[in-house]
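So you can see what is in the structure, the chains are spelled out below.
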Amino acid sequence: MAIWLTLCGAIVVVAYLLGSFPTGYIAVKQLKGIDIREVGSGSTGATNVLRTLGKGPGALVLLVDCLKGVLAIALVYWLFNFAPSQNLILPTVDVALWKPWLVISAGSAAIIGHSKSIFLGFSGGKSVATGVGILLAMSWQVGLATVGVFAAVVAISRIVSLSSIAGAIAVPIFMIIWRQPLPYILFGAVGGLYVILRHRSNIERLLAGTEPKIGQSLATEPEQI
């Protein structure tokens with residue numbers, strides 16, 4: 001059991017480190033020689049990279065951040081495929097019980113890692129792209145439905161933050177609709193709330209009518225992350 005618990009703990013730690021990989025920071029530092037945390041919203045996420053470097057780098061950061069979430073969950077699936085062949089799972093371990101809880105533990109670690117990166121002094125982005133990758137790996141139906149909500153709201157409003165918030169609200173609803181395990185539903189609710197809280201300054205600007213649309217620059221002071 002000690003070996004099994006160690007493996008589970010290692011997966012969560014690696015998931016956090018994956019989430020912590022500072023994609024946006026590295027992209028802006030390499031291409032423009034500046035710290036992205038000192039421009040725009042101060043976030044290291046794809047939206048701020050889009051405003052700072054343009055569509056190409058923004059899309060690349062979005063893709064890599066999404067893949068970080070996919071890989072975090074893939075690690076859990078790999079463990080449950082690898083461990084039985086190496087006799088690392090004892091007969092007393094209920095795989096059906098352990099797997100969903102380890103999935104959401106790894107997913108939560110990756111989300112926290114993205115927003116509180118150990119490589120950036122525990123600052124970072126708002127975990128939207130990484131969260132989408134996690135959802136796609138957990139349940140492709142929920143992931144695609146969430147992306148659909150995001151795309152619909154952004155097409156109407158042209159405001160990324162509003163679209164992210166709408167997607168975060170929709171996640172637990174979709175989890176219930178597609179009858180996902182209870183741990184997944186809890187993850188959708190808590191993770192969605194975390195993403196919304198990460199958008200506090202955006203919500204303030206939305207209420208004030210000053211939140212920029214796609215293609216517009218942020219006129220306010222950088223937010224604290």
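Quick caveat, the model's predicted, so the values are computed rather than measured. (Residues numbered from 1 in each chain as written. Predicted model: local features only at pLDDT ≥ 70, side-chain atom pairs only at ≥ 80, totals over all residues. Heavy atoms only, no water.)

Of the regular secondary structure elements, the chain holds 10 helices and zero strands. Element order for the chain, N to C, with α for helix and β for strand: α-α-α-α-α-α-α-α-α-α. Against the globule reference of 17 Å for 225 residues, the chain gives a C-alpha radius of gyration of 18 Å, in line with a compact fold. Here the C-alpha coordinates of the chain stretch approximately 60 × 40 × 25 Å along the principal axes. For the chain, with 225 residues in total, the buried portion stands at 46%. (Helix = DSSP H or I, 4+ residues; strand = E, 2+ residues; numbered from the N terminus. Rg over C-alpha atoms; globule rule 2.2 N^0.38 Å. Buried < 20%, exposed > 50% of the residue type's maximum accessible area, 1.4 Å probe, protein only.)

Following the UniProt record, the feature "transmembrane region" (unreviewed entry) maps to residues 59–80, 101–122, 128–152, 159–176 and 182–197 here. Its end C-alpha atoms 25 Å apart, residues 101–122 is made of 68% helix and 0% strand. (UniProt positions renumbered as here; feature names shortened; annotations may be inferred.)

Applying the stated criterion across every chain, the model contains four aromatic pairs. Note on Trp4 and Phe80: the rings are 5.4 Å apart at their centroids and 80° apart in plane angle, and the pair reads as edge-to-face. Taken together, the residues Trp4 in helix H1 (residues 2–20) and Phe80 in helix H4 (residues 55–85) connect sequence positions 76 residues apart. Of the aromatic side chains, those joined through ring pairs into one cluster are Trp4, Phe80 and Trp98. (Phe/Tyr/Trp six-rings, centres within 6.5 Å; stacked < 30°, edge-to-face > 60°.)

All chains considered together, the criterion is met by three salt bridges. Among the salt bridges present, the one from Arg37 reaches Asp35, with a minimum N-O distance of 2.9 Å. Judged by relative accessible area, which is 11%, Asp35 ranks as buried. The salt bridge partner of Glu211 is Arg205, with a shortest N-O separation of 2.6 Å. (Salt bridge = Lys/Arg side-chain N within 4 Å of Asp/Glu carboxyl O.)

It helps to recall that an α-helix has 3.6 residues per turn; residues three or four apart then point in one direction. Under the 1.5 Å per step criterion, the end-to-end length of helix H5 (residues 95–115) is 30 Å for 21 residues, consistent within 8% with the ideal 30 Å. When H5 is considered as a whole, its buried residues turn out to be Pro100, Leu102, Val103, Ile104, Ala106, Gly107, Ala109, Ala110, Ile111, Gly113, His114 and Ser115. Of the surrounding elements, those touching the buried residues of H5 are H1, H4, helix H6 (128–138) and helix H9 (182–198). Near the N-terminus of H5, the side chain that reaches the backbone nitrogen of Ala96, with its oxygen 3.2 Å away, is that of Asp94. (Expected span 1.5 Å × (residues − 1). Contact = heavy atoms within 4.5 Å. Polar contact = N/O pair within 3.5 Å; in protein donor to acceptor, adjacent residues only side chain to side chain.)

The general pattern is negative phi for most residues beyond glycine and trans for most peptide bonds. Positive phi outside glycine occurs at Phe122, with the angle close to 65°. Position of Phe122 relative to the elements: it lies in the loop between H5 and H6. A positive phi angle, close to 70°, is found at Ser127, a residue other than glycine. For Ser127, the location among the structural elements is in the loop between H5 and H6. Taking the relative accessible area as the measure of exposure, Ser127 reaches 1% and is therefore buried.

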